[in-house]
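# Topology and contacts: notes
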Amino acid sequence: MTSSTGDDHTEHKAWWKSAIIYQIYPTSFFDSNGDGIGDLNGIASKLDYIKDLGVTVIWLSPIYKSPLADMGYDIADYRQIDPRYGTLEDWDRLLKGVHEREMKLMMDLVVNHTSDEHEWFISSSSSKSSPKRGWYIWRPPRTDNKTGVPNNWKSMFEGSVWQYHQETEEYYLHLWDKKQPDLNWENEDVREAVWDVMKFWLDRGCDGFRMDVINVISKTPGLPDAPITDPGEEYQPGTNDSPLSPSLSYPYSSRILLLYLLMNSPRVHEFLREMHTKVLSHYPTITVGETPFTHDPNVLAEYTLPKNNELMMVFPFELMHVDTPLAEGKPQGQATGNKGEGEVVAERAELMYREWKLDELKKIVEKWQLLKMREGYWSGVYIENHDQARSVSRFGNDSSDELQVHSAKGLAVWHVSMRGTCYVYQGQELGLKNAPRSWGIENFLDVASRNWYDKILEQRRKSTGEANPNMDDIMEGIHMKARDHARMPMPVSVLWSSSPNAGFTTGTPWMKVNDDYERWNAASQVGNDDSVLAFWKKALRVRKEYEVLVYGNFTLLAPTHQQLFAYTRKMRNGTVGLVVMNYSKEEVVVDVPKDLTGLQEGGEGYNELGLRCVLSNAGGDSEGESLKEKMVLKPYDARLYISTQ
Ligand code: GLC
Ligand code: CA
């Protein structure tokens, strides 16, 4: 039941819940030596900018030695910094700078897989009798199918998950690129080696980890074929988050353990508890698990419930799929699939875009906001990272500079008023948008974008007989959804101005900078009170000031309204936060008693709460005002009220 003196999350208070975490994608943050690639010294030189924003923890995407087949998520040596980013001494200096400013530093822990250039894999692939053979997942060719591949699983980056290794005549498993072989977590030596890597960084002073695709480290025993959900495709996704056919039997009774082939599989919780016992419990750490492909909240909750002693929080992915079509929305030539109770859900076409409706988005937000609050479930709240396109282009409106500024600020209001730890991705605080539609595929460098494009191109060449079939729909999708958008060099330094390449580098940037850098850069926003940056600073101050935004219970108001996004956050002590946002291109008139009925449930009417606006993108005049019975919200207006009673 909703009540102004209802439930909240305060019995599970912790410093890291109110942390403001800023994600840096090192390659694109700031280049200090003119080679076109961002580096550790570049980051170290911008710490004041980050601190000034209100950040308390920095998370660095990988900076370890890597051939960069997947931009550093393919690690060749966990204990070395890639020379492109600097040296271990540079890292020590960076850490010192972070700590001197009373911030913390989290590293990316990528241990589902290594690079094929890691010495562990070089040894493992050297012969079948290598002592490290069992560190990876090797299988002999199958004799009962045409191709010999050990199963039909599809790689996240297209094609089979199996790569044949000529010299030893076996296949190895790679859920992502073939240069990212999966480690075999069943092998105890692998786990011990991972614990050692973690201790290496923790002993050096690192404050915690973001754990890459941590829910896929355990695979279903026997690696059974995935059900055919895409009949037109040679390989099938093993990532459906619906129950598999009951005919496949597994030796586990818990429902949680039954459902998946490659994520959330049987031993994952055991492994994470072992990690906790052997490593995490000995250090004061902060941890967040990246947990894709999982929309079932109960499954995800298991990773963070305090009673389980695993991780502090996870990143749910469902919101990131609100604009992703299921297979039926796929381009022609792709298979169809059904979604229904108990049926297997077809693959999502990650790089295609579908129009979403506000009530769909709100439903997803509500589901995760309400999840197991009493038991202590905790999310990392994000709408951007290095795997997602820019939020203002997906969830806001970037059709003019004015709307871009306004809707980016509106998104900030939403973002800072969610239960969960707040993550901000570099450039989000500037309201940066996607690359323009005029960019051709040659400007997109990410392996995911390229492989997807090439796969469809090849299929269309075959089916049409044309050398240059029409790829407009694919480019539309890439334009909206590609990971590349977040990876463009950041126009952020003090230099970062309208100087060539947005001041990111004095050399040639590794990737093209966005066309709009002369207008959209950090230098032009620092010191400008109307900028998106100034608004984010204020929003983060407000977030820190009002505990209700971190711990308060969430109640969605006006759930079916297609323009209005409104909710309350309530504390047991009676504090109420109210967020009212117009998520549309048209003006909305809100009749508070009528449209926001939930606000008055459980006792006092809204006017007794003394709600006062503490954050508004409509400018100074609405801040400080008390809630009126009627309000007129212009497109993307967003306001946050806090009770004073
Ligand atoms: C995670 C990373 C992504 C990477 C993948 C494989 O999803 O965030 O960038 O491609 O894992 O490591
Ligand atoms: Ca550099």
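Residues numbered from 1 in each chain as written. Chains lettered and ligands numbered in written order. Predicted model: local features only at pLDDT ≥ 70, side-chain atom pairs only at ≥ 80, totals over all residues. Heavy atoms only, no water.

### Things to note about the packing of helix α11 (residues 401-416) against helix α16 (residues 532-545)
Selection criterion: Axis definition: a line fitted to C-alpha atoms, limited for helices to the stretch in contact. Angles are taken between N-to-C directions and run from 0 to 180 degrees. Every helix listed is a DSSP run of H or I at least four residues long, and every strand listed is a run of E at least two residues long, numbered separately from the N terminus. Geometric relationships in this document are graded by angle, where less than 35 degrees denotes roughly parallel, more than 145 denotes roughly antiparallel, 65 to 115 denotes roughly perpendicular, and other angles denote oblique. Note on convention: the crossing is left-handed when the near helix lies turned anticlockwise from the far helix by less than a right angle, right-handed when the turn is clockwise. We call two residues contacting when some pair of their heavy atoms lies within 4.5 Å.
At a closest axis distance of 10 Å, the pairing of α11 and α16 adopts a crossing angle of 15°. By the criterion of interaxial angle, the relationship of α11 to α16 is roughly parallel. Of the two possible hands of crossing, α11 and α16 adopt the one that is right-handed. Here V405, A408, K409, A412, V413, H415 and V416 of α11 lie close against α16, whose contacting residues are V532, F535, W536, A539, L540 and R543.

### Details of the packing of aromatic side chains
Going by this rule: Pairing of aromatic side chains here covers Phe, Tyr and the six-membered ring of Trp, requires ring centres within 6.5 Å, and sorts the geometry by plane angle: under 30 degrees stacked, over 60 edge-to-face, intermediate tilted. Relative accessibility under 20% of the residue-type maximum defines a buried residue, over 50% an exposed one, and the middle range a partly exposed one, all with a 1.4 Å probe and only protein chains included.
In the structure shown here, the tally under the stated rule is 30 aromatic pairs. Consider the rings of W59 and Y423, whose centres lie 6.1 Å apart with planes at 80°: the pair is edge-to-face. Here W59 is found in strand β2 (residues 57-60), whereas its partner Y423 is found in strand β13 (residues 421-425), with 364 residues between them in sequence. The class of Y423 is buried, set by a relative accessible area of 3%. Between F121 and W138 the ring centres are 5.7 Å apart and the planes differ by 10°, which places this aromatic pair in the stacked class. You can see F121 sitting in helix α4 (residues 119-124) and its partner W138 sitting in strand β6 (residues 138-139), a full 17 residues away along the chain. Of the aromatic side chains, those joined through ring pairs into one cluster are Y64, Y78, W91, W120, W135, F200 and W201.

### Section: the side chain of N434
In plain terms, the rule: Here a polar contact is taken to be a pair of N or O atoms separated by no more than 3.5 Å, where protein atoms must pair a possible hydrogen donor with a possible acceptor and residues adjacent in sequence count only if both atoms sit in side chains.
Relative to the assigned elements, N434 resides in the loop between β13 and α12 (447-464). Of the polar contacts made by the side chain of N434, one reaches the backbone oxygen of H479; its length is 3.0 Å. Once residues within four sequence positions are removed from consideration, N434 is found in contact with A389, R390, S393, H479, M480, H485, M488 and N514.

### Re the sheet that holds strand β16 (residues 576-582)
Counted only if it meets this: Here, strands pair whenever DSSP counts at least two bridges between them.
A sheet is described by the order of its strands in space; here five strands give the open sequence β14-β15-β16-β20-β18, paired in antiparallel fashion. The sheet terminates laterally at β14 (553-557) and β18 (611-616), the two strands that pair on one side only. Here the average twist between neighbouring strands, direction ignored, is 20°. Two strands pair when backbone bridges link them, and β14 and strand β15 (residues 564-570) are joined in this way by five bridges, in the antiparallel orientation.

### Details of the pairing of strand β1 (residues 20-24)
Of all five residues in β1, five are buried; the element is thus mostly enclosed. Pairing of β1 with β13 involves four bridges; the strand directions are parallel. Looking across to β13, one finds that Y22 is bridged to V424. Examined bridge by bridge, β1 and β2 share four bridges and lie parallel to one another.

### Topic: the side chain of N152
Position of N152 among the secondary structure elements: in the loop between β6 and β7 (162-165). Within the local environment of N152, its side chain forms a polar contact with the backbone nitrogen of A226, the two atoms lying 2.7 Å apart. Non-local contacts of N152, meaning those with residues more than four positions away in its chain, are made with D225, A226, I228, Y235 and Q236.

### Observations regarding the pattern of salt bridges
Rule in force here: When a carboxyl oxygen of Asp or Glu lies within 4 Å of a side-chain nitrogen of Lys or Arg, that pair is called a salt bridge.
Tallying each qualifying case throughout the model produces 46 salt bridges. The partner of D8 in a salt bridge is R572, and the shortest N-O contact between them spans 3.3 Å. Of the two residues, D8 sits in the segment before β1 while R572 sits in the loop between β15 and β16, which places them 564 residues apart along the sequence. Here K630 and D591 are joined by a salt bridge, their closest N and O atoms 3.7 Å apart. In this pair, K630 is assigned in strand β19 (residues 630-633) and D591 in strand β17 (residues 588-591), connecting sequence segments 39 residues apart. Overall, the relative accessible area of 53% leaves K630 in the exposed class. Judged by its relative accessible area of 18%, D591 falls in the buried class. Through salt bridges that share partners, D70, D387, D446, R483 and R487 make up one connected network.

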